[in-house]
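A structural walkthrough
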Amino acid sequence: MRRLTPEAVRFLSGPAAQAELAALAEGPLDPLTTLAALRKRWSADEAAWLYDQVRLRRKARAKFPQADALLFEAEALEQASAGPMARWRAEHVFAPYARVADLGAGIGGDALALALVGKRVLAVERDPVRAALLEHNAAALGLADRLRVVRADWRTLELDVEAAFADPARRSGGRRTVRLDAMEPPLSDLERLSGRLPAVAVKLAPALDKAELPARAGLGFVSLAGELKEALAGFGELAAPEPWAAVLPAGVRLSGPEGPERTGPVGACLYEPDPAVIRAGLVRRLAAELDAWQLDPQVAYLSADAPRSTPLARGWRVLEHGPFRQKAVAAWLAAHGAGAVEVKRRRSPIEPAVLEKKLKAALARGGPTLTLFLTRIAGRPWAVLGRPL
Ligand SMILES: C[S@@+](CC[C@H](N)C(=O)[O-])C[C@H]1O[C@@H](n2cnc3c(N)ncnc32)[C@H](O)[C@@H]1O
């Protein structure tokens, strides 16, 4: 990739470059022939910037619904928030606030989402190339009147806003970090800022060490399509007193306090809580909501007698269960005409992929996919066979 400069961004923002990018939006992209064709009309630098931009735009479609109107830089695109996450935060977390600052806005994954839901956004970015790209991106989406880009270190600014969002870079010395004091900027800077603003929210890696978080911060976890994506620390008005989990795309939220301990035997159905619920420490709270119980206090599988549909957990109808023995499990699969088996485990040493291979002989062509759960109940290896609800 050719290094971008503010001059490159000016060139790429111009009408001639934009028309070239639009012409190359679809169709095959061969580095040699495409670049050679571009070099006939443009300088070597310009051709390289155009070619890189076409590739980045195509890649960015996975994160930005409007990628074909925007400009990108490789690392900033890597770091940018995915569309559904940014939109959810803008609509829900920042719902009460009209004027929001994005501190370290990059190319605008979050700042654009905030402006698109109608906020007045102050986007601060100290990197000149990223700030220029964001300025183009705001204008390209018709948001220039609502989104002001300031190229500066936000720590030097008076921030005249009601709330601030920060998504600190998690690279330190070229390596990814989950340490809160090694982020750029460190969490302590953002915590200090919360003394001056009513509300501050900070996006963090979900693998963070909760003990590193200041006691007065609130903490929630967000998943998208069953995958744990991020943690969000809140200060001031955004410091929820209880832990919370949000499950997207449904947009359903669960918050503590954690429910009472309730364990019991395998019932008619089994639930696997969403990873955001588990990471937020809300498994028992979910059990209380679903009228369910844990199979074991150490294990995040829930069971209940009456199935309930919820985005907060995946559910299965229990077909069989008992102490784990491979032969018995193979017999269950044959008896239920399983065509495929997916093995899941919690607190079991057995490798799912290895067991799936060993169970192949018990499968019938064309049968349904069943799920085999391996776990421990009161210290005993236990297996549960289920069909998705
Ligand atoms: C992870 S990226 C932000 C990505 C953005 N949320 C998005 O979705 O596109 C962090 C950005 O913060 C900027 N940054 C870090 N410290 C800063 C500071 N003190 N002032 C201004 N910008 C800063 C970095 O240059 C980087 O572009």
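Each value, and the rule that gives it
Residues numbered from 1 in each chain as written. Predicted model: local features only at pLDDT ≥ 70, side-chain atom pairs only at ≥ 80, totals over all residues. Heavy atoms only, no water. Salt bridge = Lys/Arg side-chain N within 4 Å of Asp/Glu carboxyl O. Helix = DSSP H or I, 4+ residues; strand = E, 2+ residues; numbered from the N terminus. Buried < 20%, exposed > 50% of the residue type's maximum accessible area, 1.4 Å probe, protein only. Contact = heavy atoms within 4.5 Å. Pairing = 2+ DSSP bridges. Axes fitted to C-alpha atoms, helices over the stretch in contact; angles between N-to-C directions. Domains from an automatic or database assignment. Buried area = accessible area lost by both parts, 1.4 Å probe. Near = heavy atom within 4 Å. Polar contact = N/O pair within 3.5 Å; in protein donor to acceptor, adjacent residues only side chain to side chain. Areas by Shrake-Rupley, 256 points an atom, 1.4 Å probe, with all protein chains shown as cover.

1. Here we look at the pattern of salt bridges
- Per the stated rule, a full pass over the model turns up 24 salt bridges.
- Residues Glu 272 and Lys 344 are paired through a salt bridge, measuring 2.9 Å at the closest nitrogen-oxygen approach. With a gap of 72 residues between them, Glu 272 in strand S12 (residues 269-273) and Lys 344 in strand S16 (residues 340-345) connect regions that are remote in the sequence. As far as burial versus exposure is concerned, Glu 272 and Lys 344 are alike and both buried.
- In this structure, Arg 346 and Glu 272 form a salt bridge, with 3.6 Å as the shortest nitrogen-oxygen distance. Placement of the pair is Arg 346 in the loop between S16 and helix H13 (352-358) and Glu 272 in strand S12, with a sequence separation of 74 residues.
- Arg 346 sits in the partly exposed class, given a relative accessible area of 24%.
- For Glu 272, a relative accessible area of 12% translates into the label buried.
- One continuous salt-bridge network, built from bridges that share partners, spans Arg 126, Asp 153, Arg 155, Glu 184, Asp 189 and Arg 192.

2. Some words on the environment of Ala 144
- Looking at the secondary structure, you find Ala 144 in the loop between helix H8 (128-140) and strand S3 (147-150).
- By relative accessible area, which is 51% here, Ala 144 ends up exposed.
- For the pair Ala 144 and Ala 328, spaced 184 residues apart in the sequence, the C-alpha separation amounts to 65 Å.
- Those residues in contact with Ala 144 that sit more than four places away from it in its chain are Ala 138 and Ala 139.

3. Focus: the sheet that holds strand S15 (residues 313-323)
- Here we have 7 strands laid out as an open sheet, ordered S13-S14-S12-S15-S18-S17-S16, and mixed in their pairing. The open sheet has two edge strands, strand S13 (293-294) and S16, and neither has a second partner.
- Of the strand pairs in this sheet, S16 and strand S17 (residues 369-377) are connected by 6 bridges, and their pairing is parallel. Bridging across to S17, Val 343 finds its partner in Leu 372.
- Of the strands in this sheet, S15, S16, S17 and strand S18 (380-388) are in contact with helix H12 (residues 326-335), which crosses S18 at around 10°.

4. Concerning the pairing of strand S11 (residues 252-255)
- Relative to S11, strand S10 (residues 244-248) runs antiparallel, the two being bridged by 4 bridges. Its bridge partner being in S11, Ala 246 is matched across the sheet by Arg 253.
- Hairpin connection from S10 to S11: 3 residues lie between these consecutive antiparallel strands, with Gly 251 at a positive phi of about 75°.

5. Regarding the sheet that holds S3
- Taken in spatial order, the 9 strands of this open sheet run S3-S2-S1-S4-S7-S9-S8-S10-S11, and their pairing is mixed. This sheet does not close on itself; its edge strands, each paired only once, are S3 and S11. Direction aside, the axes of adjacent strands within the sheet are offset by 20° on average.
- Sheet topology places strand S8 (residues 218-224) next to S10; 5 bridges connect them, and they run parallel. Directly across from Leu 224, in S10, lies its bridge partner Leu 248.

6. Details of the domain arrangement of the chain
- Each domain of the chain was delimited in the assignment, giving domain 1 (6-59), domain 2 (77-241) and domain 3 (269-388).
- Each side of the interface is counted separately: domain 1 has 6 residues, and domain 2 has 7 residues.
- Across the interface of domain 1 and domain 2, roughly 550 Å² is buried in total on both sides, 72% from carbon and sulfur atoms.
- In terms of surface lost to domain 2, no three residues of domain 1 exceed Pro 6, Val 9 and Lys 59, which account for 66% of the buried area on that side.
- Where domain 1 touches domain 2, the interface holds 1 salt bridge.

7. Some details on the site of the ligand
- In the neighbourhood of the ligand, 20 residues make up the surrounding shell, with Ser 81, Asp 110, Glu 125, Arg 130 and Asp 167 lying closest.
- The separation between a nitrogen atom of the ligand and a polar side-chain atom of Asp 110 is 2.7 Å.
- At 2.8 Å, a side-chain N or O of Asp 167 approaches a nitrogen atom of the ligand.
- Computed on the free molecule, the ligand has an accessible area of 610 Å², of which 96% lies beneath the protein chains in the complex.

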